[in-house]
Amino acid sequence: MKVAVIGCTHAGTAAIVNTAQLYPEAEITVYERNDNISFLSCGIALYVGGVIKDPQGLFYSSPEKLAELGVKTNMRHEVIQIDTDRKTLRARNLATGQEFDDSYDKLIMTTGSWPIVPKLEGMELDGILLSKNYSHSNTIIERAQQVDRITVVGAGYIGVELVEAFQMNGKQVTLIDGEDRILSKYLDEEFTAPIQKSLEDHGITLALGEKVSSFAGENGKVTKVITSKGEHETDLVILCIGFRPNTELLKGKVDMLPNGAIIVNDYMQTSLPDIYAAGDSCAIHYNPTGKNAYIPLATNAVRMGTLVARNLVSPTIAYMGTQGTSGIKIYEDNIAGTGLTEDAAKAEGMDIESVLLTDNYRPEFMPTFEQVQLKVVYDRPTRRILGAQIMSKMDLTQSINTVSVCIQNKMTVDQLAFIDFFFQPHYNKPWNFLNTAGLQALPATVPHKETVTV
């Protein structure tokens, strides 16, 4: 079996390693246009902030490690064309410019994603950077050391983590986003409001509800970010607007979402059975809505890449879908979420209710106890759990993984009230706060069935 893998991302690395282990006889060839593989981009902010001193820890594989498994890895090679009828591809050596053809029995598309780059006036100015790969992280660190004022455009996870890192390094930081709230895709206002206050208390300027219209500069270097509401002087700009899938190679050849994300079935097959896809290049099955969605997360990628290998020869293990579970730490706050926020559920036109709980996570007779804020969103007609968010100074984020399992298994908020959790005063109360949220959501009255006498 001849297997070609395009892109050695998180999903690609998982697919390659597992394919090599499951099918030792397979001839596996990898095409990667970068000069490194398996970089954990989620660690960029930690690297920029100096929490991680040795960036090599952010790589969990290498061409040498893959070679030990019998895999041929073509670094700095870009696939420029795929003939899905003949099962061939054309690749270009980016170092020499030489082009050559290869064939495959199975093709694995793990080309990942790329930052969205807006077409705005002034984009060509020096000092406007992206944040995605290892090269970007090194450039950000090098350039940030030379400036005082840094502007981050985009208040998602990466943008928020970066402004925290820059502020902790003593920089004047501005965070711009077109939405009225930070992290609006992940959290409802009850959670974003205190996080925003924390950022402002640390001296970070929040320019929310402002859309960037252009950039201005002097001597070829950026000096201003111009928005719908004004101007922000700066020495460096980091764009964190979002990502789009790298799928041009298969455009018009396999089924895709409007944004270009490849649609796969439960066994990671595209609409062409011998072409598989995983990770940021494709859509996921989003369990809270039952629809295909684009949610680029490393956790989704490694699961899907592993499933590609397991299902490469025959359908073996079905993909269970995802809840888009994620977490973040901002200063002292530990935050996590899974599934739909209340805002997202309403945008989907769903009939929902939610319960918001604020409590101490363990008994007040203990020497210390921290407050926890938890929100659970559920479907009104069926009472099925759709999402949850949590925040505390104490790290209680693993509780969101529990709720993720509940959503996965279509459990109701009423069942959440009575799930069996242990009690130990060091860790929680007799009613775990997840139980308490479920209890709080229970109807105030109990319906009575009429007694029929025969």
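See the structure above.
What counts, and at which threshold
- Residues numbered from 1 in each chain as written.
- Predicted model: local features only at pLDDT ≥ 70, side-chain atom pairs only at ≥ 80, totals over all residues.
- Heavy atoms only, no water.
- Helix = DSSP H or I, 4+ residues; strand = E, 2+ residues; numbered from the N terminus.
- Expected span 1.5 Å × (residues − 1).
- Buried < 20%, exposed > 50% of the residue type's maximum accessible area, 1.4 Å probe, protein only.
- Pairing = 2+ DSSP bridges.
- Right-handed = clockwise from strand over helix to strand, strands pointing away.
- Salt bridge = Lys/Arg side-chain N within 4 Å of Asp/Glu carboxyl O.
- Arc of directions from axis to C-beta.

**Student:** Any chance you could explain helix H5 (residues 157-168) here in plain terms?
**Tutor:** Given 3.6 residues per turn, any residue in an α-helix points the same way as the ones three and four places further on. Relative to the 16 Å expected for 12 residues at 1.5 Å per residue, H5 spans 17 Å between its end C-alpha atoms, a close match to the ideal helical length. For H5, the buried fraction is high: nine of the 12 residues fall into the buried class. Along H5, the residues classified as buried are Tyr 157, Gly 159, Val 160, Leu 162, Val 163, Glu 164, Ala 165, Phe 166 and Gln 167. One or two steps after H5, the chain reaches Gly 170, where phi turns positive at roughly 85°.

**Student:** Any chance you could explain the pairing of strand S12 (residues 205-208) here in plain terms?
**Tutor:** Consecutive side chains of a regular strand alternate in pointing toward one face of the sheet and then the other. Bridge count between strand S11 (residues 172-177) and S12: four bridges; the pairing is parallel. Across the sheet, residue Leu 175 finds its bridge partner in S12, namely Leu 206. Crossover connection from S11 via helix H6 (residues 189-201) to parallel S12: handedness right-handed.

**Student:** Can you help me understand the pattern of salt bridges in this one?
**Tutor:** For side chains bearing opposite charge, pairing can occur when the charged atoms are close. Here the structure, examined in full by the defined rule, presents 25 salt bridges. Of the charged contacts in the structure, one is a salt bridge between Lys 224 and Glu 231, with a shortest N-O distance of 3.2 Å. On the accessibility criterion, Lys 224 (27% relative accessible area) is partly exposed. What makes Glu 231 partly exposed here is its relative accessible area of 49%. Here the salt bridges share partners, and the residues they tie into one network are Asp 188, Glu 190, Glu 342, Lys 346 and Lys 375.

**Student:** Could you clarify how one ought to interpret H6 in this entry?
**Tutor:** Spanning 13 residues, H6 covers 18 Å between terminal C-alpha atoms, matching the ideal 18 Å at 1.5 Å per step. Turning to H6, its buried residues number three or more, namely Phe 191, Thr 192, Ile 195, Gln 196, Ser 198 and Leu 199. One face of H6 carries all of its buried residues, which in axial projection span an arc of 160°. Turned more than 90 degrees off the buried face of H6, the exposed positions are Glu 189, Lys 197 and Asp 201. Two residues or fewer past H6, Gly 203 is found with a positive phi of approximately 90°.

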